[in-house]
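Fold and geometry: a report
Below are the chains, spelled out letter by letter.
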2 protein chains.
Amino acid sequence: MDSCIVAQSGGPTVAINSSLAGVVNAARKNNLKCYGAVNGILGILNENYVHMTESFPTEESLDILKNTPAMFLGSCRHKLPKYTEDDSSYIKIFDEFKKKNVKAFFYIGGNDSMDTVLKLSEYARSIGSHIRLIGIPKTIDNDLCMTDHTPGFGSAAKYIASSILEISYDTFIYPVKSVTIIEIMGRDAGWLTASAALARNGVNTAPHLIYLPEVAFDIDDFIADVENQLSIRDNVIIAVSEGIRDKDGEYIAASNAMEDKFGHKQLSGAGKVLEMLVKDRINVKVRSVEVNVLQRCAAHLASKTDIDEAFMQGEYSMKLAREGITASMVCLNRLDNNPYKVECTYAAIKDIANEVKNIPVHWITQDRNDVTKELVDYIYPLIQGEVQIGYKKGVPKYADISHLV
Amino acid sequence: MDSCIVAQSGGPTVAINSSLAGVVNAARKNNLKCYGAVNGILGILNENYVHMTESFPTEESLDILKNTPAMFLGSCRHKLPKYTEDDSSYIKIFDEFKKKNVKAFFYIGGNDSMDTVLKLSEYARSIGSHIRLIGIPKTIDNDLCMTDHTPGFGSAAKYIASSILEISYDTFIYPVKSVTIIEIMGRDAGWLTASAALARNGVNTAPHLIYLPEVAFDIDDFIADVENQLSIRDNVIIAVSEGIRDKDGEYIAASNAMEDKFGHKQLSGAGKVLEMLVKDRINVKVRSVEVNVLQRCAAHLASKTDIDEAFMQGEYSMKLAREGITASMVCLNRLDNNPYKVECTYAAIKDIANEVKNIPVHWITQDRNDVTKELVDYIYPLIQGEVQIGYKKGVPKYADISHLV
């Protein structure tokens, strides 16, 4: 019986297991055995697999997996050397492919994972292998090229927008002047921070200022922005990317390293630095909130659109493999925005790996403290719909990952 | 037409508006006009009201209010002086009661709010007023006496348990040794931190260590605990209360004040201090996560048991007032735990205000790094059930609070 291998890599999202479920479901439908390599490409090197089609024999059995956050198969941060410098890993991997009668390998991940797919593709070509090598995107950062957006982003954006709305309710209760700074993930691309704008639901006005890494951050402009907002309203709420930089490209977060009593340099986050700035320059109550890792793993608040698209892309990757496509990544092409409609396509992995997609500057307002309607319209469809996860004993019921622990 | 006034005070929870809805619903059923004072007791002093029974004329119209986080009526941190020292506020408040034909005043809040109810009760007695003064509890800290538990706690506990579970999934993906420290609210009482134990669902083993403010925290014991856990498993997850103290009562968080470049002393949280300790004493990957204000305002993940009980207590407070009870707080009495069953009761406000309920020490394990089954069994019923909130444009649909902004 022919088989395929699927693996996951990079940082968690709540949609990456839905893509995995899509691959497994397509394998099942095509009578392929599907092995899940544990901890990414390391799983192949270490011959550590989960028999996915055996463990999930029906579409229904995949339901919990679809809605489980992070990587069911575990992750890795393993960078393959160039095969021209050291081909030992490649020989091992392609031996495994042969031994297991593997016709296709699917790697679900972000930029680094696409780099692995690219390197495997180059090696495969060099040895004349016909194995299909397909990348399936995922990243909350939404920074992969050639695709309209990436699985995982819509759910993270829904979490950010909903959280900002809830934090606004938490903030508006006191009739005193205050500034609340909310720091959001995204070191280089501001897509996730920009999604804070979707908290403005017609009633709620927050966030009142949004700062992104795509444009230079100026401290004096920032203070003037905050003072201006404080002249309009009591409670000013600010969304800021962890990756904001000044005009010289220096991270704002790096501008205020402190030393703890052990002598460690402690780097404050961008939010904390802005909090201290406001405290120093404006006499007002201020606090900063770092949205923690839940922005990438709160599967209980996933976007149904996102989860469904991730599954669809997992299934589509099998279609590509069967059509003989290789060295490619599954992409999404937006056909219409009203009503929202997308189709799956693909692009050559060499045009994606190691490239980054930033927010176009014309989607950021001229005074660099907010986003345009075009950007909101772009994100809006991606956060629509809620998934119905199950609960057991009062907490979410997710797939059993005891094989990782 | 007779009337009543209701107000809210203290810090936010996701259940406090459900108690408000309960009061309004009971007022409506009893043909009472219900005024909501905006920003707690200040709303009466400033004559700033929302006409609640007009704004919410049916039980159905209260549905969104019930599930809205934080205070629909706004909050305050206003401490009344003793009336024997300065009775001007009291004269104003009781004038308002008279002017509006108010028969009862309901104050939904925590410890400080109960202090206000107590003071108003003492003043009422001194002038022979027959107005009914009733406190309705709420606090995520669960630290009010004379009641089995407080509205708001169950939802916050559900949020903490679910978050720890999701953070575990986020953590277990890498096959490398790591320590993750999760800091949870609760300066004096450890109830909310203890609820982290409910993340252990039979599959997930995290958190592996729990540290509470009720017992002295010892740094050397802590390091030994972590080293022991690291010898058993790769990823150690630790729940810690912001309020942990050493044997001399000094906050651990206070032990590592740093100075920023403006010369401000920056107090790290307890989690951050433990992170630095682990970094210094154990050679392992470590990070700390501060669960932010969402633990008290994430209404999208509320406990249905909590929301329903909060509503019930709101309605019950009206029953008490009509029976002539005053100077009291609504309480919950647990009749059975299997199946879980509670009834509403009440207690004299003087036995509640300014008292604190801590975790009994026999519900903490002997080595002071975990909680007992009794404590888990106590919290377990309180996090059961999920509320179905509505979504609009992809974000939760909550009551319009534009009167506060």
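Report on the accompanying structure. Bear in mind that the values here come from a model prediction, so they are computed numbers and not experimental data. (Residues numbered from 1 in each chain as written. Chains lettered and ligands numbered in written order. Predicted model: local features only at pLDDT ≥ 70, side-chain atom pairs only at ≥ 80, totals over all residues. Heavy atoms only, no water.)

1. Let's talk about the side chain of H300 of chain A
Here H300 of chain A is to be found in the loop between α11 (294–297) and α12 (304–322). Under the relative-accessibility criterion, H300 of chain A is labelled buried at 10%. At 2.8 Å, the side chain of H300 of chain A and the side chain of H300 of chain B are in polar contact. (Helix = DSSP H or I, 4+ residues; strand = E, 2+ residues; numbered from the N terminus. Buried < 20%, exposed > 50% of the residue type's maximum accessible area, 1.4 Å probe, protein only. Polar contact = N/O pair within 3.5 Å; in protein donor to acceptor, adjacent residues only side chain to side chain.)

2. A closer look at the sheet that holds strand β7 (residues 209–211) of chain A
Strands in a sheet are paired, the pairing made by backbone hydrogen bonds, and the direction either parallel or antiparallel. Residue and element names in this part refer to chain A. Sheet architecture is open: four strands sit in the order β7-β8-β6-β11, paired in parallel fashion. The sheet is open, and its two edges are formed by β7 and β11 (285–290), each paired on a single side. The average undirected angle you get between the axes of adjacent strands in this sheet is 15°. The strands touched by helix α7 (residues 153–171) are β6 (178–184), β8 (235–241) and β11; relative to β6, the strand with the most contacts, the crossing angle is about 160°. Along the sheet, helix α9 (residues 219–232) makes contact with β6, β7 and β8, crossing β7 at roughly 165°. (Pairing = 2+ DSSP bridges. Axes fitted to C-alpha atoms, helices over the stretch in contact; angles between N-to-C directions. Contact = heavy atoms within 4.5 Å.)

3. A short note on the nonpolar core
One finds M52, F72 and F106 of chain A together with M52, F72 and F106 of chain B to be the most contacted residues of the largest nonpolar core, which totals 192 residues. Those residues in contact with M52 of chain B, other than ones at most four positions away along the chain, are L20, V24, C34, Y35, G36, L65, F72 and L73 of chain B. (Core = buried A, V, L, I, M, F, W, Y, C linked by side-chain atoms within 4.5 Å.)

4. Side note on the sheet that holds strand β8 (residues 235–241) of chain B
Residues and elements named next belong to chain B. The four strands lie next to each other as β7-β8-β6-β11, forming an open sheet whose pairing is parallel. The open sheet is flanked by β7 (209–211) and β11 (285–290), the only strands paired with a single partner. Strand-to-strand, the axes of this sheet are offset by a mean angle of 15°, without reference to chain direction. Bridge count for strand β6 (residues 178–184) against β8 is seven bridges, and the pairing is parallel. When the bridges of β8 are listed, V179 appears paired with V236. Across the sheet, helix α10 (residues 270–281) is in contact with β6, β8 and β11; its angle to β6 comes to roughly 160°.

5. Quick word on the pattern of salt bridges
In a structure, side chains of opposite charge can pair up when their charged atoms sit close to one another. All names here are of chain A. Evaluation of the coordinates by the stated rule reveals 47 salt bridges over all chains. Between D308 and K304 there is a salt bridge, with the nearest N and O atoms lying 2.7 Å from each other. Residue D308 and its partner K304 are located together in helix α12, separated by four residues, close to a single helical turn. Its relative accessible area of 33% is what places D308 among the partly exposed residues. Under the relative-accessibility criterion, K304 is labelled partly exposed at 38%. (Salt bridge = Lys/Arg side-chain N within 4 Å of Asp/Glu carboxyl O.)

6. Here's the deal with unusual backbone geometry
For residues besides glycine, phi is generally negative; the peptide bonds are generally trans as well. All names here are of chain A. Here the amide bond leading from N338 into P339 is cis, since omega sits at 0°, within 30 degrees of zero. Looking at where P339 falls in the secondary structure, it is placed in the loop between β12 (328–337) and β13 (340–348). Non-glycine residue N39 carries a positive phi angle of around 65°. Summarising the element assignment, N39 is placed in the loop between β2 (33–37) and α2 (41–45). Assessed through its relative accessible area of 11%, N39 is described here as buried.

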